[in-house]
Amino acid sequence: MAEADQKMKILVTGGTGMIGKAIEELSTTVEKRENEEWVFIGSKDCDLTDKEATRALFEKEKPTHVIHLAAMVGGLFHNLAHNLDFFRKNMAINDNVLAASHEFDVKKCVSTLSTCIFPDKTTYPIDETMIHLGPPHDSNYGYAYAKRMIDVLNRGYAAEHGRKYTSVVPCNVFGPHDNYHLQDAHVLPALIHKAYLAKQNGTSLTCFGSGTPLRQFIYSYDLARLYIWAVRHYEDTEPIIFSVGEEDEVSIKQAVEAVVKAIDFQGEVIWDSTKADGQFKKTASIKKLRSLLPDFKFTPFDEAIQKSVEWFVVNYEKARK
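Presented here is an overview of the structure given in this document. Just so it is clear, the model here is predicted, and its values are computed rather than measured.

1. Comments concerning the sheet that holds strand β2 (residues 36-41)
Step number 1: Pairing within the open sheet is parallel, and its 6 strands lie in the order β2-β1-β3-β4-β5-β10. This sheet does not close on itself; its edge strands, each paired only once, are β2 and β10 (240-242). On average, adjacent strands in this sheet sit at an angle of 20 degrees to one another, irrespective of strand direction.
Step number 2: As defined by bridge partners, strand β4 (residues 108-112) adjoins strand β5 (residues 164-170) across 5 bridges and the pair is classed as parallel. Across the sheet, the residue bridging to Ser 111 is Ser 167, located in β5.
Step number 3: Of the strands in this sheet, β2 and β3 (65-68) touch helix α1 (residues 18-27), which is tilted by about 155 degrees from β2.

2. Notes on unusual backbone geometry
Glycine aside, the phi torsion of most residues is negative, and most peptide linkages are trans.
Step number 1: The omega torsion of the bond from Tyr 124 to Pro 125 falls at 0 degrees, within 30 degrees of zero and hence cis.
Step number 2: Looking at the element boundaries, Pro 125 is found in the loop between β4 and α5 (141-161).
Step number 3: In this model, Lys 62 sits at a positive phi of 50 degrees, which is unusual for a non-glycine residue.
Step number 4: Considering the arrangement of structural elements, one finds Lys 62 in the loop between α2 (51-61) and β3.
Step number 5: Assessed through its relative accessible area of 57%, Lys 62 is described here as exposed.

3. Let's talk about the side chain of Ser 243
Step number 1: By the element assignment, Ser 243 lies in the loop between β10 and β11 (250-251).
Step number 2: Within the structure, the side chain of Ser 243 is placed 3.4 Å from the side chain of Gln 216, a separation counted as a polar contact.
Step number 3: Apart from residues lying up to four places away in sequence, Ser 243 is in contact with Cys 171, Gln 216, Ile 218, Ile 286, Leu 289 and Phe 298.

4. Here's the deal with the pattern of salt bridges
Step number 1: A complete count under the given rule lists 19 salt bridges for this structure.
Step number 2: Notably, a salt bridge pairs Glu 235 with Lys 108, separated by 3.2 Å at the nearest N-O pair. In this pair, Glu 235 is assigned in the loop between α7 (220-233) and β10 and Lys 108 in strand β4, connecting sequence segments 127 residues apart.
Step number 3: Across the salt bridge formed by Lys 253 and Glu 257, the nearest N and O atoms sit 2.9 Å from each other. Of this pair, Lys 253 and Glu 257 are both found in helix α8 (residues 252-263), 4 residues apart, which corresponds to roughly one turn of the helix.
Step number 4: When its relative accessible area of 44% is taken as the criterion, Glu 257 is described as partly exposed.
Step number 5: Several salt bridges converge on common partners, so that one network encompasses Lys 9, Glu 37, Lys 60 and Glu 61.

5. Points about the environment of Asp 105
Step number 1: Examined against the element boundaries, Asp 105 turns out to sit in the loop between α4 (83-103) and β4.
Step number 2: It is 9.9 Å that separates the C-alpha atoms of Asp 105 and Phe 58, two residues lying 47 residues apart in sequence.

6. Observations concerning the environment of Gln 254
Step number 1: Note on placement: Gln 254 falls in helix α8.
Step number 2: On the accessibility criterion, Gln 254 (40% relative accessible area) is partly exposed.
Step number 3: Put simply, Gln 254 and Leu 214 are 40 residues apart on the chain and 9.3 Å apart in space, counted from C-alpha to C-alpha.
Step number 4: A distance of 2.7 Å separates a polar atom in the side chain of Gln 254 from the backbone nitrogen of Ser 251.

7. Thoughts on the pairing of β4
Step number 1: Summarising burial for β4: 5 of the 5 residues are buried, a large majority.
Step number 2: Taking every second residue as pointing to the same face, both faces of β4 are buried, with Lys 108, Val 110 and Thr 112 on one and Cys 109 and Ser 111 on the other.
Step number 3: Both β3 and β4 contribute to a ladder of 4 bridges, which runs parallel. In the strand pairing of β4, Val 66 is matched with Cys 109.
Step number 4: One crossover worth recording links β4 to the parallel β5 by way of α5, and it is right-handed.

8. Let's talk about the packing of aromatic side chains
What characterises a pair of aromatic rings is the spacing of the ring centres plus the angle enclosed by the ring planes.
Step number 1: What the rule picks out here adds up to 18 aromatic pairs.
Step number 2: A centroid spacing of 5.5 Å and a plane angle of 40 degrees characterise the contact between Tyr 219 and Tyr 221, whose relative ring orientation is tilted. Take Tyr 219 and Tyr 221: they sit in the same class, and that class is buried.
Step number 3: Of note, Lys 194 hangs over the ring of Phe 208, and the distance from its end group to the ring centre comes to 4.0 Å.
Step number 4: In this structure, Lys 275 packs its charged tip against the face of Phe 208, placed 4.9 Å from the ring centre.

The rules we used
- Residues numbered from 1 in each chain as written.
- Predicted model: local features only at pLDDT ≥ 70, side-chain atom pairs only at ≥ 80, totals over all residues.
- Heavy atoms only, no water.
- Pairing = 2+ DSSP bridges.
- Helix = DSSP H or I, 4+ residues; strand = E, 2+ residues; numbered from the N terminus.
- Axes fitted to C-alpha atoms, helices over the stretch in contact; angles between N-to-C directions.
- Contact = heavy atoms within 4.5 Å.
- Buried < 20%, exposed > 50% of the residue type's maximum accessible area, 1.4 Å probe, protein only.
- Polar contact = N/O pair within 3.5 Å; in protein donor to acceptor, adjacent residues only side chain to side chain.
- Salt bridge = Lys/Arg side-chain N within 4 Å of Asp/Glu carboxyl O.
- Right-handed = clockwise from strand over helix to strand, strands pointing away.
- Phe/Tyr/Trp six-rings, centres within 6.5 Å; stacked < 30°, edge-to-face > 60°.
- Lys NZ or Arg CZ within 6 Å of the ring centre and 35° of its normal.

Encoded structure:
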């Protein structure tokens, strides 16, 4: 029977977050398939750090496929203060989800790594073969090592049980339904929130660091399309990087300018260079992705920022912040 005809029940952990919401929207519209049933669960539905709660979820839903997005996440300053928590909680979540996937005969589990887990001292661009080639940046070692262990688990389940469990490595993600917390959020949603408040209050906009670090940013709907492709078609245990190309890398200063333009902020932008910059760059190669999906089109950065800002302004009252 062709894969397109087989019944698939896809459980998405972390399904109420930004990427989950984008996958949910696409799976019911442009990516809808009659042979697929999608289930989206968030932390309110199941505590994935609890082994028995995770088993009960899998027993109830009986998924054939899993997209594993759930994680304890945060921005640079949240990571710096809570490395032990990030390590222990993410280790528990990942071990429980993969153990339950194996126990309940899940055919494919697509888990989530991050470009921030790569070695701090490395050559660029980074690629999928380099994840374990040295310590991660000291600011987020707890999160990074826990995420790296997903790759170790995937290899083990493949070698010992023949499982097709894999992982994808997104660069910085942004879009509707993000977490816009002013202290704990990632750089773009925090910027969008700060710029919104500065415009509302008629104040200046203070940005942390020097503005020089470089980042690849991927729009959540582009990433969602790639996850859907991966759960349907990607057969390799080895990770695959999901990112825009090296040519689309932008500086934090350029990102601030795009947000300022999208929100039409007319005030002064101040750079607080006493605050940490984090890693200068994390440039990732998408050679592997391009070899498999040569024609994939990414949403241009300014257009995606415009859509994200518009969503935040309209949904300000109910956005996570």
